Structures are given as structure tokens and as C-alpha cells.
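Residues per chain, in single letters:
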Number of protein chains: 2
Amino acid sequence: MRDERFCASNCSFTRAIGTIGNKWKPIILNVIGTRTIRFGQLDSIVPLISRKVLTEQLKELEEDGLLERLAYKELPPRVEYKLSEKGLAFLPILESIKEWNCKYEVAPMPGEADKKSRINYARTV
Amino acid sequence: MRDERFCASNCSFTRAIGTIGNKWKPIILNVIGTRTIRFGQLDSIVPLISRKVLTEQLKELEEDGLLERLAYKELPPRVEYKLSEKGLAFLPILESIKEWNCKYEVAPMPGEADKKSRINYARTV
DNA sequence: TATTCTGGTTACCGCTGGGTAACTACAAAT
DNA sequence: ATTTGTAGTTACCCAGCGGTAACCAGAATA
């Protein structure tokens, strides 16, 4: 899901977009936030993502230095994820995206009836 | 390329990601910046994008209120794009992504020989 | 007359992103 | 002896993303 051509650009911004410019990574980073979280928790909190894709995204985030992975040598396995310094430094950007969207979003919210079935990934709305 | 399920979320952040969370839109917004630009210019400045996808992305950006489209009734046609207030308000976020990436990017740049063939979408590196 | 220029749109088609289901290891609980 | 729980991995398969090429209008230029 990383765009390799973007990541190979000589432009820092293009590389950044190649790294985090997809729909799942900002969501995952936002869900994790400042806490430590286990794989199964992520899997249930982010319901529309499949196990396979979640694994893949987490692996990429770790490779790109945004995420730290702690695997305990236990059975059944236990793995914990938390943001690295780099990942934590990205959170303010996510916050400004939230503020930006709240301020400028034009589309009115659909009726209340629809709200119940809506997705909600936010730690804080 | 918009994720409709994300856009239908009751979470403002998720909706925002559904709207601008793909690789092309941040690139396009960054390329346009504060200037007014024609379709053909975008097509040549962003070389890896196909005409078809560029059209589609511009249309979505316009629908989402980030972009203003000015079509002159001429032949051959002339169409100009510029960021709306909402789009302009997104530029600082792109800037902070640049700063973030410059500060934390770990992967060393490949050798100079490779740089020449690299993509460069930045107005300012 | 034929070509060029611009900003698309459309048909066709191949690739692959991503979903589902099955499977793994092994300890602990029933 | 069987089930449960965790964190994946793998094989299989299909929808749809996105690339390519052709086509359009109609004025201006050669």
C-alpha cells in the first residue's frame, strides 16, 4: 500500500505522502494515539479493516519508524504497539486535520437515523 | 478514489480522511498552492498521473469544496483551477507534513546517480 | 485542406488490492 | 481429550482501479 515510486522521489514531501498517504495509516495512528495497544484491540476498534491489511499497515508503519512493536515471547502470543517519537510527532498534524475539517466541511450530516450505522474511529470526536 | 464508507462516518476525522486520504490529492493541492493553474499544466507537472485520474481527482476536490474551477467558453477550451478558502486553509497542514518528514525521515537518500530520475512534485523542496 | 491545440470522455482490458477462510503454535482451562 | 485464545500467515479469488488509446468540438494556423 506504500507507493514505491513516491517513496523513491527526491522530494521530501512526495516521499512523506508515499509513506503515510493512504486511508488506513492516519486512522491507525489516530486510534493508537498516546496509548499502548494490542493487535486484537486494534482489530476490533477498526472494524472495517481486515486482519491481513491491518498486519500489513502495522508492518509498514513500523518499518517507517512511526510505530514500535513489542512482541512478548508467550503463548498465546501478545504483541503491543505504541507510537515512536516520530509517530507521536505526527499526532498534532492529525489534530489540525480534525480542526480543519470541522471548520470547513460543507456536507451536512445525514439524519440522525443514519448516524447509528456510521463508523467512528475517533478517540475524541 | 474517495472512500464512501469513510465519508459516511459520523466521525469528522474519518470523513476527512475519506476525502483527502489518498496519495494524489495532497500532491495536487501542494502543486497548485496559491497559484491559478490550467489543466494542461497540472498534467505536465504531475507526470505520473494519467489524464483520466487527474480529471477524476480534480472533480472530487471541486465537489469537496477544496478547489474552484473556472471554465472559459473558448475554443480550444481553457480551464483554470485554484484553491478555495478551504483548500488554502489546508496548505499549512501540508507544510507541517513537510517539516515533520524532514525532521524525522530516517531512510538515507539513495546515491546522487539515482536522484536525477526521481520524481519531484514540490514547489519548494 | 489538413493539422494543431485544449480539456476532457469513453471503451477496453490487465493487474492487483484486498476480502475470506483455513491453518499454525502451544499453553491453559474445561 | 477438546476447546479457547492470540497474532499472524497463506492460498485463493474476484471486483474494480487505473492505464492506454481513440475520439470529440471548433477556431486558428499553415
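Model, not experiment: these values are computed from the prediction.

Criteria and thresholds
Position numbers for residues count from 1 along each chain, tracking the sequence in the order it is written. Here every chain gets a letter starting at A, and every ligand a number starting at 1, in the order they are written. Per-residue local features of the predicted model are confined to residues with pLDDT of at least 70, and side-chain atom pairs are confined, for both listing and counting, to 80 or more; whole-chain, interface and lining totals are unaffected and use all residues. Just so you know, side-chain values use all the structure's heavy atoms and leave hydrogens and water out. By this definition, two strands are paired if DSSP reports at least two bridges between them. Secondary structure elements follow DSSP: runs of H or I of four or more residues count as helices, runs of E of two or more count as strands, with numbering from the N terminus. Throughout, a contact is declared for two residues whenever any of their heavy atoms are within 4.5 Å. Comment: axis = line fitted to C-alpha atoms, over the contacting stretch for helices; angle = value between 0 and 180 degrees taken between N-to-C directions. Any residue with a heavy atom positioned within 4 Å of a molecule or strand is treated as near that molecule or strand. Two N or O atoms form a polar contact when they lie within 3.5 Å of each other; inside protein one atom must be a possible hydrogen donor and the other a possible acceptor, and for residues adjacent in sequence the pair counts only when both atoms belong to side chains. Note on residue categories: nonpolar means Ala, Val, Leu, Ile, Met, Phe, Trp, Tyr, Cys or Pro, charged means Asp, Glu, Lys or Arg, and polar means any other residue, Gly included. Residues reaching a pLDDT of at least 70 in both copies supply the C-alpha atoms on which the copies are superposed by least squares.

## Points about the sheet that holds strand 3 (residues 78-83) of chain B
Residues and elements named next belong to chain B.
Part 1 of the reasoning: With antiparallel pairing, three strands are arranged side by side in an open sheet as 1-3-2. Sheet topology places strand 1 (37-38) and strand 2 (67-72) at the edges, where each strand pairs with a single neighbour.
Part 2 of the reasoning: Taken together, the two bridges between strand 1 and strand 3 define a ladder with antiparallel strand orientation. Paired with Arg38 across the strands is Glu80, a residue of strand 3.
Part 3 of the reasoning: Sheet strands in contact with helix 3 (residues 24-32) are strand 1, strand 2 and strand 3, and its direction is about 100° off that of strand 3.

## Examining the protein's contact with DNA strand C
Part 1 of the reasoning: Close to DNA strand C lie 18 residues; A:Ser50, A:Lys52, A:Leu75, B:Arg69 and B:Pro77 are nearest.
Part 2 of the reasoning: When atoms of DNA strand C within 4 Å of the protein are sorted by moiety, sugar and phosphate together comprise 67%.
Part 3 of the reasoning: B:Arg38 places a polar side-chain atom, nitrogen or oxygen, 3.0 Å from a phosphate oxygen of DNA strand C.
Part 4 of the reasoning: Between DNA strand C and the protein, one listed contact pairs a sugar or linking oxygen with a backbone N or O atom of B:Pro77 at 2.9 Å.
Part 5 of the reasoning: Taken together, the elements giving at least two residues each to the surface near DNA strand C come down to helix 5 (51-63) of chain A together with helix 4 (39-45), helix 5 (51-63) and strand 3 of chain B.
Part 6 of the reasoning: The leading source of residues in the surface near DNA strand C is helix 5 of chain B, at four residues.

## A short note on the protein's contact with DNA strand D
Part 1 of the reasoning: Neighbouring residues of DNA strand D: 19 residues in total, closest A:Arg69, A:Pro77, B:Ser50, B:Lys52 and B:Leu75.
Part 2 of the reasoning: Looking at DNA strand D alone, sugar and phosphate atoms form 62% of those within 4 Å of the protein.
Part 3 of the reasoning: The contact in question runs from a phosphate oxygen of DNA strand D to an N or O atom on the side chain of A:Arg38, over 3.0 Å.
Part 4 of the reasoning: At a separation of 3.0 Å, a phosphate oxygen of DNA strand D approaches a polar backbone atom of A:Gly40.
Part 5 of the reasoning: Among the elements of the structure, helix 4 (39-45), helix 5 and strand 3 (78-83) of chain A together with helix 5 of chain B are those that each provide at least two residues to the surface near DNA strand D.
Part 6 of the reasoning: Here the element with the most residues in the surface near DNA strand D is helix 5 of chain A; it accounts for four residues.
Part 7 of the reasoning: In terms of residue class, the surface near DNA strand D is made up of nine nonpolar, three polar and seven charged.

## Remarks on the sheet that holds strand 3 of chain A
Part 1 of the reasoning: Strand order in this open sheet of three strands is 1-3-2 (chain A), and the pairing throughout is antiparallel. Edge positions in the sheet fall to strand 1 (37-38) and strand 2 (67-72) of chain A, since each of these pairs with one other strand and no more.

## Some words on the relation of the copies chain A and chain B
Part 1 of the reasoning: Of the transformation placing chain A onto chain B, the axial shift is 0.0 Å and the rotation is 180°, giving an RMSD of 0.0 Å. On this basis, the relationship between the two copies can be described by a two-fold rotation axis. Minimal C-alpha separation from the rotation axis in chain A is found for A:Asn22, amounting to 2.3 Å.
Part 2 of the reasoning: Mapped onto chain B, 100% of the interface residues of chain A are again interface residues, and the two copies thus contact each other with one and the same surface.

Purely geometric numbers; function is a separate question.
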